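Spelled out from the first residue to the last, the chains are:
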Amino acid sequence: MRAEARIVAEADGRGGTRLRVLRGESPLLLRRTGPRAGGAVTVHLVGGAAGPLGGDDLRLDVEVGPAARLTVRSVAAQLALPGRAGAPPSRLEIRAAVAADATLRWLPEPLIAAAGCRHRAGTRVEVAAGGRLLWRDDLVCGRHDEPSGDVRADVTIRYAGSTLHRHELAVGPGAPGWSGAAVLGGGRAVGALVLAGPGWPEPALLGGDAALMPLAGPGLLASAVGRDIRQVRAALDPLCAAPGE
Amino acid sequence: MSLATLLVLADGRLPAGGHAHSGGLEAAVAAGRVRDVGDLGGFLRGRLHTTGLVSAAFAAGACARTGDFRDLDRGLDARTPSPALRRASRAQGRALLRAGRAMWSLPELGREPHHPVALGALAAAAGLGPREAAVAAAHGTVSGPAGAAVRLLGLDPYAVHALLARLAPEIDRIAADAAARTDDPVDDLPAAGAPLLDLGAELHATWEVRLFAS
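Residues numbered from 1 in each chain as written. Chains lettered and ligands numbered in written order. Predicted model: local features only at pLDDT ≥ 70, side-chain atom pairs only at ≥ 80, totals over all residues.

Q: Give me the lowdown on the overall build of chain A, citing residues and values where you can.
A: Across its full length, chain A holds one helix and 18 strands. Relative to the 2.2 N^0.38 estimate, which gives 18 Å for 245 residues, the radius of gyration of chain A is 17 Å and therefore close to what a compact globule would have. On the principal axes, the C-alpha backbone points of chain A span a range of 50 × 40 × 30 Å. Taken over 245 residues, chain A has a buried fraction of 51%. Here the analysis covers contacts within chain A between residues at least 6 apart in sequence; of these, 69% occur between residues at least 24 apart. (Helix = DSSP H or I, 4+ residues; strand = E, 2+ residues; numbered from the N terminus. Rg over C-alpha atoms; globule rule 2.2 N^0.38 Å. Buried ≥ 20, exposed ≤ 12 C-beta atoms within 10 Å, placed from the backbone. Contact = placed C-beta atoms within 7 Å.)

Structure, rendered in structure tokens:
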């Protein structure tokens, strides 16, 4: 299954945000949610089909114009599943651009790597100087009591024309040493939250296997590893709360 | 290319301060995640395919692209979210430069480049190629913590070296891949991360008493 979706948010000229484009197709369906009042707009990804399944090729483009504020969430976890025999890996490519004085908050539910899946996730975000980005990615390695499938996630976050954060994480039988003590240490859930731009909390140890770390450039990374997704949420959710939510 | 020169560069006895760093092993031992040779094998394999892969690619790049040190150095910054690990890498880079200047004629690299960048520059100055630089870098990411494991846990040194011998073919493959990608844009070079190495390094940096610097 091939699908493309696109969100373009822009300032409405009255201190708020409007959606100039909100277009999706199954399984990448988009719905505007939440109150119309207030300066920010929330869009939910609502899964139009199970998956991604092996062979799926999905792409999402997000654009947040100057001074606009957009939050993207999803109604349920993505469940990466194996496809028919011989299918290529499933792919989800996300491209996002955040303009000056704009804010994008990307807060989806976790990706679950079901046994036998082969999934590739690629994310590339460009944030202009003065823009703000909050980008969350949680991964659960296998459903309850099953081995993890193969997931490879590749993230590039650029800020003001320079690369702020580059990270790849590979889990599953195709990733040597992924469950060893250097990578996830037997943990079944891992979360990352990139905070780019000005005005974020101070770096801190977050308890357990979690920390909020200052990047070399203008931003921070909160990283958490847990036995299950609850431990990751306990560490990262408090950093994702927004005023007025 | 001189094989003997590669041995000089990759020798653990090179006076470049490598013995002061455990490659994250001290934190993993304290967290109870590495207790025996089996755990150490998993730690080393994961470290090789994350930190080792990245170090090999950037050492090869620094060896092949002697004018691009700054871009490569920034590329490592972007791949190292833990400030404790950025400090450890730069401290080891500085120590390696000091040793390297006594051995070969080095270009200007700044005071404190990341360790893989310094290693690649030393390799080039010594007349070695990107593949040799990558072998030395990848091997160093596992031989350091392997030595630290013997000191921290009193593990059987024969069994520990057997782990390194088993990883050698993987090191060769990683180095060959790294040498084939030296023309790639810095953003496209490997960026494999190891969350527990980052988190362990941050916790380790807060300890008042520790055997290793990182």
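Anyway, onward from the coordinates.
Q: A description of the environment of Arg181(B) should follow, citing residues and the corresponding values.
A: All names here are of chain B. Looking at where Arg181 falls in the secondary structure, it is placed in the loop between α8 (157-180) and α9 (195-204). Taking the C-alpha atoms as reference, Arg181 lies 7.5 Å from Ala57; in sequence the two are 124 residues apart. When residues no more than four places from it in sequence are discounted, the contact partners of Arg181 are Ala57 and Leu189.

Q: How would you summarise helix α1 (residues 229-240) of chain A if you had to cite specific residues and measurements?
A: Residue and element names in this part refer to chain A. Taking 1.5 Å as the rise per residue, α1 with twelve residues should run 16 Å; its terminal C-alpha atoms sit 15 Å apart, in good agreement. Every buried residue of α1 is listed here: Ile229, Gln231, Val232, Ala235 and Leu236. Seen end-on, α1 carries its buried residues on one side only, within an arc spanning 160°. Those residues of α1 that are exposed and aimed more than 90 degrees away from the buried face are Arg230 and Pro238. Against β12 (132-140), β15 (189-196), β17 (210-214) and β18 (219-226) lie the buried residues of α1. (Expected span 1.5 Å × (residues − 1). Arc of directions from axis to C-beta.)

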